[in-house]
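Commentary on secondary and tertiary structure
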Amino acid sequence: MDKLIETLSGVCPGIDFASETDLVDDGLITSLDIVMIVTELMAVYGVRIDVDDLTPENFRSAETIYELVRRAGER
Amino acid sequence: MTNPAGFEEAAALIPAHLRPGVMTNLASPEALRGEELELLETRTGLFIFRKRDGFRLLTFLMNAPELPEISGAVVSEAVFAPGADSRRLTDAFTSAGFVPALRRLRLTRAPNAAKAAPNVVQTPPKRGPKGVQTPPEQGPKGVRIPPEWGQNGVREGVKRVSEILQNCFSPLTGCLPGEAELSSDISSGRVLTVREDGEIAGILRFKITGRQAEIRHLAVDAPFRGRGLSERLIDGFLQITPGLRTSVWTGAENAPAMAAYKSRGFAPDGRYSIVFLKGV
């Protein structure tokens with residue numbers, strides 16, 4: 001999780017990914033941020049994230065993003 | 001592939017190109033909906049063109065830094081994470097005949113940033129548009145928040161605000177709103193104005209999502225510059241958006257804007273973009 005938070009913070013500086021729980025609805029990340037996060041996650045973790053995964057629910061918090069990466073790694 | 005293409009056709013091609021190593025400026029596939037599109041798929045990626053007045057906006061998903069031959073007037077903006085190396089993408093664009101015309105920096109102001117508006121006129125809270133907590137009728141030194149327009153004033157407001165935006169921003173790189181969008185922004189209190197000599201001299205257009213605000217445009221018409229109107233508008237904006245994190249994109253070479261924002265607690269957060277132009 002620490003590595004993930006470091007990755008997310010590198011893409012979206014100034015956001016407390018460790019404690020925020022509603023990143024999308026609170027407006028802390030935008031659709032552009034989501035795509036930038038996804039491209040970075042694919043590069044760092046070598047996983048394939050689909051367009052269908054680009055839903056607000058998957059990017060609500062560091063925990064939901066962690067789950068997304070885990071599921072992507074199992075495909 | 002057919003051109004012009006529809007949203008469904010573009011959306012169907014995107015998944016194959018969204019893979020590890022992709023370089024893209026796609027904000028969301030949904031952003032393409034309702035647009036008049038042209039598609040170009042090559043061995044290096046997918047290139048999606050959105051029609052604008054006199055030029056096309058290019059969205060790309062590239063899996064190798066190589067653009068196809070592109071004709072006509074085209075504008076594309078690539079956004080980079082803090083510290084990201086832009087050379088590979090810049091080289092790809094310049095090799096295809098594009099010119100890196102503008103570099104923008106994102107500035108962010110934390111909700112708890114030091115207040116830098118000592119002369120703000122505090123006015124009693126009043127019911128306002130969603131997200132705007134304490135909209136005064138008049139803020140620092142004459143900054144006004146619509147509805148100041150009156151019953152038929154929105155149309156006049158759109159006209160004058162459009163005029164100021166067109167005077168201050170390039171139609172190619174200024175991300176200018178259409179009439180309907182601007183009318184909606186004005187009606188919903190998302191445009192602050194400042195008057196000098198009886199006319200609207202400057203405007204600040206913003207949006208709010210949850211706990212995040214974004215300043216979309218800050219513009220002062222040329223005859224009124226040098227009077228501190230930008231700072232007054234920013235102060236007015238900060239007065240009505242307490243507790244919100246705020247970001248704004250501004251030209252890296254735009255020293256007056258940079259100084260105005262920094263004086264009010266904004267600082268570059270490392271995110272930056274490059275606008276590439278071709279045939280314009």
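Further up the page is the structure itself.
Quick look at the structure, then. Computed from a predicted structure; not experimentally measured.

Thresholds, definitions, all that
Residues numbered from 1 in each chain as written. Chains lettered and ligands numbered in written order. Predicted model: local features only at pLDDT ≥ 70, side-chain atom pairs only at ≥ 80, totals over all residues. Heavy atoms only, no water. Helix = DSSP H or I, 4+ residues; strand = E, 2+ residues; numbered from the N terminus. Buried < 20%, exposed > 50% of the residue type's maximum accessible area, 1.4 Å probe, protein only. Contact = heavy atoms within 4.5 Å. Areas by Shrake-Rupley, 256 points an atom, 1.4 Å probe, with all protein chains shown as cover. Salt bridge = Lys/Arg side-chain N within 4 Å of Asp/Glu carboxyl O. Polar contact = N/O pair within 3.5 Å; in protein donor to acceptor, adjacent residues only side chain to side chain. Core = buried A, V, L, I, M, F, W, Y, C linked by side-chain atoms within 4.5 Å. Domains from an automatic or database assignment.

Now for the overall build of chain A. From N to C terminus, chain A includes 3 helices and 0 strands. When the 75 residues of chain A are sorted by exposure, 51% land in the buried category. Taking all contacts inside chain A whose residues are at least 6 apart in sequence as the whole, residues at least 24 apart take part in 55%. Roughly 3500 Å² of accessible area belongs to chain A as shown, and the carbon and sulfur atoms make up 47% of that amount.

Looking now at the interface of chain A and chain B. Reports of interface size often rely on the accessible area that becomes lost once the parts have come together. Each partner contributes residues to the interface: chain A has 24 residues there, and chain B has 24 residues. For the pair chain A and chain B, the interface holds 3 salt bridges. Here chain A is connected to chain B by 8 residue pairs in polar contact (both at pLDDT 80 or more). Put simply, the parts of the chain that give the side of chain A that touches chain B at least two residues each are α1 (2–11) and α2 (31–45) of chain A. The leading source of residues in the side of chain A that touches chain B is α2 of chain A, at 7 residues.

Now for the environment of Ile29 of chain A. All names here are of chain A. Counting through the fold element by element, Ile29 comes out in the loop between α1 and α2. A relative accessible area of 3% places Ile29 in the buried class. Residues Ile29 and Ile15, spaced 14 residues apart in sequence, show a C-alpha to C-alpha distance of 8.8 Å. Apart from the residues lying within four places of it in its own chain, the contact partners of Ile29 are Cys12, Ile15, Phe17, Leu23, Val24, Ile34, Ile37 and Phe59.

On to the nonpolar core, then. Grouped together as the largest cluster of nonpolar side chains are 46 residues, with contacts concentrated most on Leu58, Leu67, Phe93, Phe98, Leu204 and Tyr261 of chain B. Residue contributions to this core peak at 6 residues, all from helix α5 (residues 229–240) of chain B. In this structure, this core is formed jointly by two domains, domain 1 (7–105) and domain 2 (115–264) of chain B, each of which donates at least three residues. Sequence-distant contacts of Leu204 of chain B, defined by excluding residues within four places in its chain, comprise Arg190, Val191, Leu192, Ile215, His217, Leu218, Leu233, Ile234 and Phe237 of chain B. Grouped together as the second largest cluster of nonpolar side chains are 43 residues, Phe59 and Ile65 of chain A together with Leu18 and Leu37 of chain B included.

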